[in-house]
Amino acid sequence: MQIYLPIAELSVNAIVILGMGGAVGFLSGMFGVGGGFLMTPLLIFAGIPPAVAVATEANQIVASSVSGALVHWRRRAVDVKMGVVLLIGGVLGSFLGVWIFSLLRSLGQVDLLISLCYVVFLGAIGALMLIESLGAIRRSRQGKPSTARRPGQHSWVHGLPFKTRFRSSKLYISVIPPLAIGATVGILAAIMGVGGGFIMVPAMIYLLRMPTNVVVGTSLFQIIFVTGLVTILHSVQNQTVDVVLALLLLAGGVIGAQFGARAGQKLNGEQLRALLALMVLAVCVRLALGLLLTPDELFSLGPAGASGGH
Amino acid sequence: MGTRATAAGLVLAVAIAIFLAGPRAKAEELVTDLSQHLIAVKSTFTGTKLLLFGAVEAESPEIRALERDVIIVIRGPRQAKTSRRKAKVAGIWMNYDSRTYASVPGYYAILSTRALEAIASPEVLERHQIGMEYLRLRPELEEAGTDGSDDNKELDEAFRRSVLRLMQREDLYSEVPGGVTFLGHTLFRAEVDIPANVPVGNYTADVYLIRDGSVIHAQATPLYINKIGFERFVFNLAHRQPLVYGVVSVVLALVAGWAAAAIFRKT
């Protein structure tokens, strides 16, 4: 069933897009990750212009994080004050990210920016996850208990000014680190079309030392607003949000996530993480090859003044 | 298809008109028309077909029997386009240089009775800009590296070819020798594919009658292509009311996410 995407301006098979949404939804349900960092490269591989893939994926993440955030909200596992501070940083970061995006788009380098960001982040995170999970698998085989770092230890973060109390997280820390984390995530959301949970969650646990029970809910709370803002900013600045594509991905993603969550409960956590790390690295390698190998077609054609056309 | 039936009827009407008017015609002339002057492309659909037909009026049957050719050129609205070329910089393939063309036809289809080279000389084709080979595309002058040296001429040509090649890949440019067929001695018809990705706007269908390598008559017919349907509505909203479009996209996503959570909470 062919369907015409009005903003990407190309015809795609609706079943293929639904399937992609379903597959990434399955993985994100299984691993408990947002999936944006897998979906955006997949859309690019499928021939969607990178600028459209990024902006549209931000739109889809709004939906998937609302579903997730509602579950955490009902469990009262959201630190709203921390979420708002992260969000203020996120708003600043989103504006900066979309500005950089538009600037490079007018220079014809936005596809390169997106690919480079993905190669760097996927490479780093995939490698770290693989090393960590392989280590955990080895330890569990040797019968040693896994040694997680304990929260509550003081670090340089606690020496910064503008301290404030976050009751839900039982923390008294400076607002600077959460602002900076929020801003970083905002920039990444604007440039890469990701929620940024893969950066924010570890940063909240290891840097801010937030209790793990509020981390995911708070990060999802921030992601809803940041990706929502990024969607609007991309619509206004670049007209690259394809709502038809977003709705197709969303429909597939919602169903996939349900099955993924069930499958994830039956599987071993460390092996799952090793598997996810391998997948992340595979996507990274595929994108890197696109930058390193001689392309079949050296030329690309787009409307004057903007790249990311056909 | 209903349009095909009406078109056949029109062809017949033209044939009768020509038969009646035949003896009065002085020289060879073209009488042409299109099946539609206003095309509404449904973008959910894969595009549409446009039927062109016409007749060659002639003084006497002997002249008709002589060798003559018909070329049809359909040109779409002109757009500014940038072609970018990748080069290896620090080991990475990235967009390196570009040429911007202020006026590129958004659609360009050529149909002819035979191969263009067999019909007319390059000079004639060039004069009428018939054929992709002869389509004039000039890069904007202020762009770096267009100083007219030989190296740049070669590069300019590579860029020009890239525009033609990429537009062909999008099915927006085409050359169809044999696309115009004569039905008997006077009537001819041609069918053109209008893909779903055509730009909207004013088109012209130029029909050239060629004998012994020179254009002896030409006729231009205007054509307007519009897109309709849900996809078009979405496109227009995104470009004319981008803020509204963005907000609506986010609201849709919020509702969808909330609905998904509500549905799967029960199961």
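Remember, predicted model here, so these are calculated numbers, not experimental data. (Residues numbered from 1 in each chain as written. Chains lettered and ligands numbered in written order. Predicted model: local features only at pLDDT ≥ 70, side-chain atom pairs only at ≥ 80, totals over all residues. Heavy atoms only, no water.)

Chemist: Just give me the short version of the overall build of chain A, but keep the residues and values in it.
Modeler: Scanning chain A from terminus to terminus reveals 10 helices and 5 strands. In chain A, the 20 positive side-chain charges and the 9 negative ones have mean positions that sit 23 Å from each other. (Helix = DSSP H or I, 4+ residues; strand = E, 2+ residues; numbered from the N terminus. Lys, Arg positive; Asp, Glu negative; His and termini not counted. Charge placed at Lys NZ, Arg CZ, Asp CG, Glu CD.)

Chemist: Mind laying out the pairing of strand β2 (residues 10-13) of chain A, listing which residues take part and the relevant values?
Modeler: The two faces of β2 of chain A differ: Leu10 and Val12 of chain A on one face are buried, but Ser11 and Asn13 of chain A on the other face are not. Where strand β1 (residues 2-5) of chain A folds back onto β2 of chain A in an antiparallel hairpin, the turn is made up of 4 residues, including glutamate 9 of chain A, whose phi is positive at roughly 55°. (Buried < 20%, exposed > 50% of the residue type's maximum accessible area, 1.4 Å probe, protein only. Pairing = 2+ DSSP bridges.)

Chemist: Explain the pattern of salt bridges residue by residue, including any values.
Modeler: Between side chains of opposite charge, a pair can form as their charged atoms come close. Residues and elements named next belong to chain B. Counted according to the given criterion, the structure contains 11 salt bridges over all chains. Close ionic contact of arginine 75 with aspartate 206 constitutes a salt bridge, the shortest N to O distance being 2.7 Å. Of this pair, arginine 75 sits in strand β4 (residues 69-75) while aspartate 206 sits in strand β11 (residues 201-211), and the two are 131 residues apart along the sequence. You'll find arginine 75 and aspartate 206 in the same group, each marked buried. A cluster of three or more residues bridged by salt bridges with shared partners is formed by Glu133, Glu157, Arg160 and Arg161. (Salt bridge = Lys/Arg side-chain N within 4 Å of Asp/Glu carboxyl O.)

Chemist: So what about the nonpolar core? Which residues, and what values?
Modeler: Judged by nonpolar contacts, the single largest core of 58 residues is most densely connected at Leu5, Phe37, Leu43, Ile48, Tyr118 and Leu122 of chain A. Top element by residues in this core is helix α5 (residues 110-141) of chain A. It accounts for 9 residues. If near-sequence neighbours (up to four positions away) are discounted, leucine 122 of chain A is found in contact with Phe37, Pro41, Ala127, Val280, Leu281, Val283, Cys284 and Leu287 of chain A. With 53 residues, the next largest nonpolar core counts Leu155, Leu166, Tyr173 and Val198 of chain B among its residues. (Core = buried A, V, L, I, M, F, W, Y, C linked by side-chain atoms within 4.5 Å. Contact = heavy atoms within 4.5 Å.)

Chemist: Could you give an account of the environment of threonine 164 of chain A, naming the residues involved and the relevant values?
Modeler: All names here are of chain A. Mapped onto the elements, threonine 164 comes out in strand β3 (residues 163-166). We classify threonine 164 as buried; its relative accessible area is 17%. Once residues within four sequence positions are removed from consideration, threonine 164 is found in contact with Lys81, Leu171, Tyr172, Ile173 and Val175. Side chain to side chain, threonine 164 and lysine 81 meet in a polar contact 3.0 Å long. (Polar contact = N/O pair within 3.5 Å; in protein donor to acceptor, adjacent residues only side chain to side chain.)

Chemist: I'd like a rundown of the interface of chain A and chain B, residues and numbers included.
Modeler: Counting from both sides, the interface comprises 52 residues of chain A and, opposite them, 51 residues of chain B. It is Tyr4, Phe299 and Leu301 of chain A in chain A that bury the most area against chain B; as a group they hold 17% of the surface buried on that side. Breaking the side of chain A that touches chain B down by element, the ones donating at least two residues are β1, α3 (50-74), α4 (80-106), α5, α8 (212-238), α9 (243-266), α10 (269-292) and β5 (299-303) of chain A. Considering every element that reaches the side of chain A that touches chain B, the biggest residue donor is α3 of chain A, with 7 residues. Split into classes, the residues belonging to the side of chain A that touches chain B amount to 30 nonpolar, 17 polar and 5 charged. As paired strands, β5 of chain A and strand β5 (residues 78-89) of chain B are joined by 5 bridges and run antiparallel to one another. Paired with serine 300 of chain A across the strands is arginine 84 of chain B, a residue of β5 of chain B. (Buried area = accessible area lost by both parts, 1.4 Å probe. Nonpolar A, V, L, I, M, F, W, Y, C, P; charged D, E, K, R; others polar.)

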